[in-house]
Structures are given as C-alpha cells and as structure tokens.
Amino acid sequence: MSVLSIIAILVAATAATNISGYGPPVIGVAAGTGATAVPYTAAVANYILAQVNQLRSNVAWGRQSWHNSSNPSNSFWPPAKKLYSLKWNATLATTAAQWMDARGDTFGAGEINVGFWAGTAGVNTITGQQMFEEGWNNWWYGYLTSTGVPTFNYQYKLSTTITRDQHYQNQVWMFVGENALSIGCAYKNYTSTYRITCLLQTNGGMTNNSPPYNSAATPCEICSLCPPTTAPCGPARGLCIAKAAG
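Everything in this summary refers to the structure shown in the same document. Residue positions within a chain follow its written sequence, with the count starting from 1. Local features are withheld for residues below a pLDDT of 70 in this predicted model, meaning they are given only at 70 or higher, and side-chain atom pairs are given and counted only at 80 or more; totals for whole chains, interfaces and linings count all residues. The basis for the side-chain values is all heavy atoms of the structure; hydrogens and waters are excluded.

**Thoughts on empty space enclosed by the protein**
Definition in use: A pocket, in this scheme, is an open set of points on a 1 Å grid over the protein atoms alone with protein on both sides within 12 Å along at least 5 of 7 lines, while a cavity is a set where a 1.4 Å probe fits but cannot get out; residues line either one if an atom lies within 4 Å of a point. Grid points are joined across faces, edges and corners, and a volume is the space filled by probe spheres set on the points. Counting from the N terminus, the helices are DSSP H or I runs at least four residues long and the strands are E runs at least two residues long. For this classification, the nonpolar set comprises Ala, Val, Leu, Ile, Met, Phe, Trp, Tyr, Cys and Pro, the charged set comprises Asp, Glu, Lys and Arg, and every other residue, Gly included, is treated as polar.
Taken as a whole and assessed by the stated rule, the structure comprises 1 cavity of 30 Å³ or more. Here the largest cavity defines a volume of roughly 40 Å³. As for the largest cavity, its lining consists of Leu 55, Trp 140, Tyr 141, Leu 144, Gln 171, Val 172 and Phe 175. Listing elements by their share of the lining of the largest cavity, those giving two or more residues are helix H3 (128-146) and helix H4 (164-175). Residue composition of the lining of the largest cavity, by class: 6 nonpolar, 1 polar and no charged.

This is the structure in structure tokens:
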C-alpha cells in the first residue's frame, strides 16, 4: 500500500485566507465545542461507504453523467475495467481525526483541501452525518454532477498554486481512482466551524496526465481486470470486491 490521499472539507463562518471565498455565502450554521476530532464509526461509516461506492459503481458501469462544458461530446464517464468497492478503514478514520487535531486550519503544499463559507455563527444542531451530507452533496459529489472535470486525465496541482475548481477536480479524480482501496473519515466541531476529512488508502497513486482508471471499450470488459483471487468482480455493482484476509 502506498500514499494516503487527503480529502478535506472545512466549513467556516470566518474562513482562513487560504480558503476564503470557496463556495456560496450561506450553507448553514455550524458551531461546536472545540473538542478533539471524532472518527466516524458504525452507521455513519456505512452511510459514507454507500454514497462513495454508489458513485464508483455508476462510473464502473458507464452510467455516471459527465458534466463539463469544455468536453460537451462526452455524455458519461467511460466504464471501468477495474474499480474497487471501498472498505471502511477505522485506522484511517482515526488518522484523519489526529491529522485535524495536529494541523488545525493549516494545509501544506500538495495536500488536497477545500473550504466554503457557512454564514453567521450559531448553535450547532447538525449531526456528524449531516456534516458529511453537506460536503458530499454540495461539494464532492455535487461538484462532479454540476461542473465536473475538464478532462478524463488526472491533472495534478500543488495546493500552493491551485485554483478553487482545481481543488474540486482533484477530489473528483480521487473518488473515482482505480487504486483506491479503503476510506476513513472524521469530523471536528470548532467554535464557529466544522471540518470533515477523509483519507483514501491506495495501491499506488495516480499518474499526472493519465486516466484515473483503465476504461472499458465494451460491456464485456467491465470488471475484467479485477484480481480473481483477492478481489473478484461483483457483477451487480461492476466493482472489485476484496476478500476478507485470512
């Protein structure tokens, strides 16, 4: 296994300069205790997996609509020869929480992060699952279905020079990456903000200017590169299903 891909959402009433203006003026109010970050577990972890793996299944079958005005000839993402059904990784969830506690609101070059305004501060009444839903529906999956990426090929950008759209585009490519195997996420309440961070464990990273996965030319090629002994094809979803260890 190789590098951990970092995907983070910061929701802030008073955003830091490195994320200022990323998103709409009001999305809801979030306030919290400023306590330590919390790894997602149990039912919410299963909910997160359901959202992410449904996206990956739609992509694998060639049923995920393509949205980007620079590529009007593409109607759908191409089907995939190999995409894994992501597993929940509790260790990554814990690491995501520790990462938020250690780093605060700062990000380093090459790390993937987005943020958006949350309006005026107030009492936080939303749940951890609702925090994820805000990020997923409005920014991660929402960006894919409303704007999308300009090209099928992955285009790596350093966070020190990245634009708002490139932030979101990087995350879209990560969520549909062939080598992603598992995911773990955490959330944290601040005085007037909350953040969601997800880490993806990969079996090799993505190559710049290359597709995020091997596309299938025909329906018969969908799932054709799944390793049969360790992660055979699950035909119902078109994803490689990793076998339990042991």
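**A word on the packing of helix H1 (residues 42-60) against H3**
Defined as follows: Fitted lines through C-alpha atoms give the axes, limited to the stretch in contact for helices. The angle between two N-to-C directions lies from 0 to 180 degrees. An angle below 35 degrees is treated as roughly parallel, one above 145 as roughly antiparallel, one from 65 to 115 as roughly perpendicular, and anything else as oblique. The contact rule is simple, with two residues in contact once any of their heavy atoms fall within 4.5 Å.
Interaxial distance between H1 and H3 falls to 11 Å at its minimum, and their mutual angle equals 10 degrees. Between H1 and H3, the angle falls in the class roughly parallel. Across from Val 44, Tyr 47, Ile 48, Gln 51, Val 52 and Leu 55 in H1, the residues of H3 making contact are Gln 129, Phe 132, Glu 133, Trp 136, Tyr 141 and Leu 144. Its residues assigned to classes, the contact of H1 with H3 shows 9 nonpolar, 2 polar and 1 charged.

**With respect to H3**
Stated precisely, the cut-off is as follows: Note that the bend at a residue is defined as the angle between axes fitted to the seven residues ending at it and the seven residues starting at it.
The largest bend in H3 is about 45 degrees, located at Trp 136. Gly 148 sits one or two positions beyond H3 and adopts a positive phi of about 80 degrees.

**Concerning the state of the cysteines**
Such a bond, covalent and formed between the sulfur atoms of two cysteines, is termed a disulfide. Inclusion rule: What counts as a disulfide here is a pair of cysteine sulfur atoms lying within 2.5 Å. Think of it in three bands: with a 1.4 Å probe and only protein chains considered, a residue is buried below 20% of the maximum accessible area for its type, exposed above 50%, and partly exposed in between.
Inspection of every chain in the model, using the stated rule, returns 3 disulfides. Bridging Cys 223 to Cys 233, the disulfide has an S-S length of 2.2 Å. Handedness of the Cys 223-Cys 233 disulfide follows from its S-S torsion of about 95 degrees: it is right-handed. One end of the pair, Cys 223, is in the loop between strand S6 (193-202) and strand S7 (233-234); the other, Cys 233, is in strand S7, and 10 residues separate them in sequence. We classify Cys 223 as buried; its relative accessible area is 6%. Between the sulfur atoms of Cys 226 and its disulfide partner Cys 240 the distance amounts to 2.0 Å. Taking the torsion about the sulfur-sulfur bond, which here is approximately -80 degrees, the covalent link between Cys 226 and Cys 240 counts as left-handed. On the criterion of sequence distance, the pair formed by Cys 226 in the loop between S6 and S7 and Cys 240 in strand S8 (residues 239-240) is long-range, its members being 14 residues apart. Neither Cys 226 nor Cys 240 differs from the other in exposure class; each is buried.

**Focus on the pairing of strand S5 (residues 180-189)**
Counted only if it meets this: Only strands that DSSP links by at least two bridges are regarded as paired with each other.
S5 sits mainly inside the fold: 10 of its 10 residues count as buried. Taken together, the 2 bridges between strand S2 (residues 38-39) and S5 define a ladder with antiparallel strand orientation. Bridging across to S5, Pro 39 finds its partner in Ala 186. Inspection of the sheet shows strand S3 (residues 87-88) paired to S5 by 2 bridges, in the parallel sense. Bridging from a neighbouring strand, Trp 88 pairs with Ile 183 of S5.

**Some words on unusual backbone geometry**
Of note in this structure, Ala 42 is not a glycine but carries a positive phi near 50 degrees. Assignment of secondary structure puts Ala 42 in helix H1. Here Ala 42 falls in the exposed class, since its relative accessible area comes to 57%. Phi at Cys 223 is positive, roughly 75 degrees, even though this residue is not glycine.

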